[in-house]
Amino acid sequence: MNPRRIAAAVTLLAIPLVSISLISNSLSAPAATDEPAAMQRLTPPEIAAIVAANPASTTGVQMTNLIGDPSKPGLYTVRVAIAAHTQARPHTHRDNRSVTVISGTWHMGYGTQFDAKALKDLPPGSVYTEPAGQPHFAQTNDEPVVIWVTGYGPSDTRFVAKLT
């Protein structure tokens, strides 16, 4: 066989192999560099001390960073204590979140307008998600509620504009 034809055939065969190799490497490589999270082990008394050191809000909602910081890139978990008879009007967040109800019954719904009929009662031990950009709302009734929210920051809260 002609040496030029052999070289051309090898080149033509090499292009798909190199392409497959590059695709394979890009699929197995991490999407972004993420600094390791700090090692933390918190007992209930340690969490209580962190909460006690955090000033209470006048809005009936107290947020306490337990792991990470939602305003910065990376994994975070915040403890959110909500006073009795508090309503969270429809809002969104830019990050995906998972939420665990720690105490009390949280009444939560999805949508752009607060609708008491759309609320689902979530007692302690319940878990739900707040998908990025998905409007949701909630309320407490006669008892305060504590939830733990975990996400990947930076996070934000954007209230849904009221329709007139």
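What counts and what doesn't
Residues numbered from 1 in each chain as written. Predicted model: local features only at pLDDT ≥ 70, side-chain atom pairs only at ≥ 80, totals over all residues. Heavy atoms only, no water. Helix = DSSP H or I, 4+ residues; strand = E, 2+ residues; numbered from the N terminus. Buried < 20%, exposed > 50% of the residue type's maximum accessible area, 1.4 Å probe, protein only. Contact = heavy atoms within 4.5 Å. Polar contact = N/O pair within 3.5 Å; in protein donor to acceptor, adjacent residues only side chain to side chain. Core = buried A, V, L, I, M, F, W, Y, C linked by side-chain atoms within 4.5 Å. Pairing = 2+ DSSP bridges. Axes fitted to C-alpha atoms, helices over the stretch in contact; angles between N-to-C directions.

(A) Quick look at the overall build of the chain. What the chain contains, in helices and strands, is two helices and ten strands. Along the chain, from the amino end to the carboxyl end, the secondary structure elements read α-α-β-β-β-β-β-β-β-β-β-β. Across the 164 residues in the chain, those meeting the buried criterion constitute 30%. Within the chain, counting contacts between residues at least 6 apart in sequence, those at least 24 apart form 69% of the total.

(B) Looking closely at the side chain of T140. Along the polypeptide, T140 turns up in the loop between β8 (136-139) and β9 (145-153). A distance of 2.7 Å separates a polar atom in the side chain of T140 from the backbone oxygen of A83. A distance of 2.9 Å separates a polar side-chain atom of T140 from the backbone nitrogen of T86. Those residues within four positions of T140 in sequence are excluded, and the remaining contacts are I82, A83, A84, H85, T86, W106, H107 and V145.

(C) The nonpolar core, seen in detail. The biggest cluster of nonpolar side chains holds 14 residues, and the ones touching the most others in it are W106, Y128, I147 and V149. Here the element with the most residues in this core is strand β2 (residues 74-82); it accounts for four residues.

(D) Representation of the sheet that holds β9 in the model. Taken together, five strands build an open sheet; the order of strands is β1-β2-β9-β4-β7 and the sheet is antiparallel. Edge positions in the sheet fall to β1 (61-67) and β7 (127-130), since each of these pairs with one other strand and no more. On average, each strand axis in the sheet is tilted by 25° relative to the strand beside it, whichever way the strands run. The sheet contacts of helix α2 (residues 44-53) involve β1, β2 and β9, and relative to β1 the element is tilted by about 130°.

(E) A look at the sheet that holds β8. If you walk across this open sheet you meet the five strands as β6-β5-β8-β3-β10, and the pairing is antiparallel. Looking at strand neighbours, the two that pair on one side only are β6 (120-122) and β10 (158-159), the edges of this open sheet. The sheet contact formed by strand β5 (residues 106-110) and β6 spans three bridges and is antiparallel. Bridging across to β6, M108 finds its partner in K120.

(F) Main features of unusual backbone geometry. With an omega dihedral of 10°, the bond running from G153 to P154 counts as a cis peptide bond. Structurally, P154 is set in the loop between β9 and β10. A positive phi angle, near 60°, is found at H85, a position not held by glycine. Inspection of the secondary structure puts H85 in the loop between β2 and β3 (87-92). Taking the relative accessible area as the measure of exposure, H85 reaches 59% and is therefore exposed.

(G) View of the pairing of β5. Most of β5 is tucked away, with four of its five residues classed as buried. Judged from the four bridges that link them, β5 and β8 form a sheet pairing that is antiparallel. Within β8, the residue paired with H107 across the bridge is Q139.

Geometric descriptors of this kind do not, in isolation, establish any biological role.
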